[in-house]
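Each chain, written out:
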Amino acid sequence: MLLEQLRLCRNLYNAALQERRDAYRKAGKTVTAYDQMKYLTEIKAALPEYKGVYSQVLQDVLKRLEKAFQGFFRRVKAGQTPGYPRFKGAGWYDSICYPQSGFSVSEKTAYFSKIGNIRIRLHRPLSGKVKTATITRDCGEWYVSYVCEVEAAPLPATGSQVGVDMGTTYFCITSDGEFVENPRHFQRSMKALRVKQRSLSRKKRGSNRWKKAKAAVAKLHRKVARQRLDFHHKTATKLIRENDLVAHEDLNVSGMGKGNLARSIHDVGWGQFFSLLAVKAVSAGRQVIRVDPKYTSQACNKCGHTCRENRVSQSRFVCVACGHTANADHNAALNILARALPSVQNVEVMRGLRSPGLQSGE
Ligand SMILES: [Zn+2]
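Because the structure is a prediction, the values reported are computed rather than measured.

Enquirer: Quick question: what am I supposed to make of the overall build of the chain here?
Expert: Helix and strand counts for the chain come out as ten helices and 13 strands. Here the chain holds 362 residues, and the buried ones make up 38% of them. Only carbon and sulfur atoms are counted for the fraction: they give 53% of the accessible area of the chain, which is about 21600 Å².

Next comes the structure, spelled out in structure tokens:
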């Protein structure tokens, strides 16, 4: 039944995409999701199988397409290489969303209008006001996720601030001198993933062995993603719990300036980490500040002297002006924190400063 729902929604998505393309090519007209929603009744009359899908789920399909187009136009405007919204193949449409109503949930079952009751394993009790429910297919398993609106729960002030420098050998280094390593089990999975991917690339495309290897890679990908997410959650929670203010580099800026491949590979993971940090900060009443990453690794934290020669090696920092010697990443983390402090609005936070010899870099 769930597969049938996915199939119908995927077909609607593709048909709606086709319509938008045709309308634009033939008449230069832009069709919106709301234009298309008007035809849902007609579609149901012509194709009765669509009566078996909840109406808001169908509307959500059209809104997703709208979102894809908005993203496309935004990228065109920004001068990036835009990918035109694509037709979804059989394996490429994996979820449906009940955006408002038509669902309920209890300890043992999830109810969905037009689908019925589904036995579930509830991972944790829902809190707050349940807003949406999304059913997702993932590696042959099915999940329901609920988005809930919860009250913010501000934490008591700690009087501490921290700067975080993202690393490649280490996950990050804090201005407190803490080196946060990528967890070993996560690195092990990354290694196993590379092995499995190599094995997949040797199989004949479309063969049974290939399908099996592909499923194995997909499962391991999911595992790696989950381990990474878990680690990001824990690291972000710790930083937010222990500090009133967390400063980190603004990645969008650094992506242009640094051009370091290893760093850009990590960007994917960092983006997730930063957004978790931001979300947790809002809910805990903490502050997260993104700073310009320019020269954070070249500026001396003691005297402010900035030049390339300051950084002796990947890990060692020796200031040519004042002779200050430090771990390069720790020095950078201190610079990041110092850079965030002038932009702190809250006077109370400023008063609570520990700042051991902090000076703004330039
Ligand atoms: Zn110096």
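Enquirer: Help me understand the coordination of the zinc ion in this model?
Expert: For the zinc ion, every protein donor is listed as C300 (SG), C303 (SG), C319 (SG) and C322 (SG), and the spread of their distances is 2.2 to 2.4 Å. Every donor counted, the four donor atoms about the zinc ion form angles of 108 to 112 degrees at the centre, which fits tetrahedral coordination. Counting residues between consecutive donors of the zinc ion along the chain gives the motif C-x2-C-x15-C-x2-C. Taken together, the residues span a long stretch of sequence, with C300 in the loop between β11 (287-291) and β12 (316-318) and C322 in the loop between β12 and β13 (325-327) at a distance of 22 residues. For C300, a relative accessible area of 1% translates into the label buried.

Enquirer: Would you mind going over the nonpolar core with me for this structure?
Expert: Nonpolar side chains in soluble globular proteins tend to be buried together. I96, Y98 and F112 are the most contacted members of the largest nonpolar core, which has 30 residues in total. Taken together, the elements giving at least two residues each to this core come down to α1 (2-27), α2 (33-37), α4 (55-77), β1 (95-98), β3 (109-112) and β5 (129-138). Residue contributions to this core peak at eight residues, all from α1. In this structure, M166, L251, F274 and A281 belong to the second largest nonpolar core, which totals 19 residues.

Enquirer: What exactly am I supposed to notice about the sheet that holds strand β6 (residues 141-149) here?
Expert: Read from one edge to the other, the open sheet built from three strands follows the order β1-β5-β6, with strand pairing classed as antiparallel. Edge positions in the sheet fall to β1 and β6, since each has one partner strand and no second. Between one strand axis and the next, the sheet turns through 15 degrees on average, direction left out of account. In this sheet, β6 lies alongside β5 in antiparallel orientation, the contact comprising nine bridges. Paired with T132 across the bridge in β6 is V147.

Enquirer: Whenever I open this one, the packing of aromatic side chains confuses me. Can you help?
Expert: The geometry of an aromatic ring pair is captured by two quantities: the separation of the ring centres and the angle between the planes. For the structure shown, the criterion picks out 13 aromatic pairs. Ring centres of F72 and Y84 lie 5.1 Å apart, and the angle between their planes is 80 degrees; on these two criteria the pair is classed as edge-to-face. Placement of F72 in helix α4 and of Y84 in the loop between α4 and β1 is noted, with a sequence separation of twelve residues between them. Overall, the relative accessible area of 13% leaves F72 in the buried class. Among the aromatic residues, ring-to-ring pairing joins Y54, Y98, F103, F112 and Y146 into one connected group. A cation over a ring is seen here: R20 above F69, with NZ or CZ 4.2 Å from the ring centre.

Enquirer: Would you explain unusual backbone geometry in this entry?
Expert: In terms of backbone geometry, most residues other than glycine have negative phi values and most peptide bonds are trans. Of note in the backbone geometry, K114 takes a positive phi value of approximately 75 degrees without being a glycine. Residue K114 is classed as partly exposed on the basis of its relative accessible area, which comes to 44%.

Enquirer: Is there a simple way to think about the environment of W92 in this case?
Expert: Its location among the elements puts W92 in the loop between α4 and β1. W92 sits in the exposed class, given a relative accessible area of 67%. With 82 residues separating them in the primary sequence, W92 and R10 have C-alpha atoms 8.5 Å apart.

Enquirer: How should the environment of T158 be read in this particular structure?
Expert: In this fold, T158 is placed in the loop between β6 and β7 (161-166). Residue T158 is classed as partly exposed on the basis of its relative accessible area, which comes to 36%. Sequence-wise, T158 and N243 are 85 residues apart; in three dimensions their C-alpha atoms are separated by 6.0 Å. If we ignore the near neighbours within four places in the chain, the residues touching T158 are R241, E242, N243, D244 and R286.

Reading the values: the criteria
- Residues numbered from 1 in each chain as written.
- Predicted model: local features only at pLDDT ≥ 70, side-chain atom pairs only at ≥ 80, totals over all residues.
- Heavy atoms only, no water.
- Helix = DSSP H or I, 4+ residues; strand = E, 2+ residues; numbered from the N terminus.
- Buried < 20%, exposed > 50% of the residue type's maximum accessible area, 1.4 Å probe, protein only.
- Areas by Shrake-Rupley, 256 points an atom, 1.4 Å probe, with all protein chains shown as cover.
- Donors = N, O, S within 2.8 Å, 3.2 Å for Na, K, Ca; no water.
- Tetrahedral: all angles 85-135°; square planar, octahedral: opposite > 155°, others 65-115°.
- Core = buried A, V, L, I, M, F, W, Y, C linked by side-chain atoms within 4.5 Å.
- Pairing = 2+ DSSP bridges.
- Axes fitted to C-alpha atoms, helices over the stretch in contact; angles between N-to-C directions.
- Phe/Tyr/Trp six-rings, centres within 6.5 Å; stacked < 30°, edge-to-face > 60°.
- Lys NZ or Arg CZ within 6 Å of the ring centre and 35° of its normal.
- Contact = heavy atoms within 4.5 Å.

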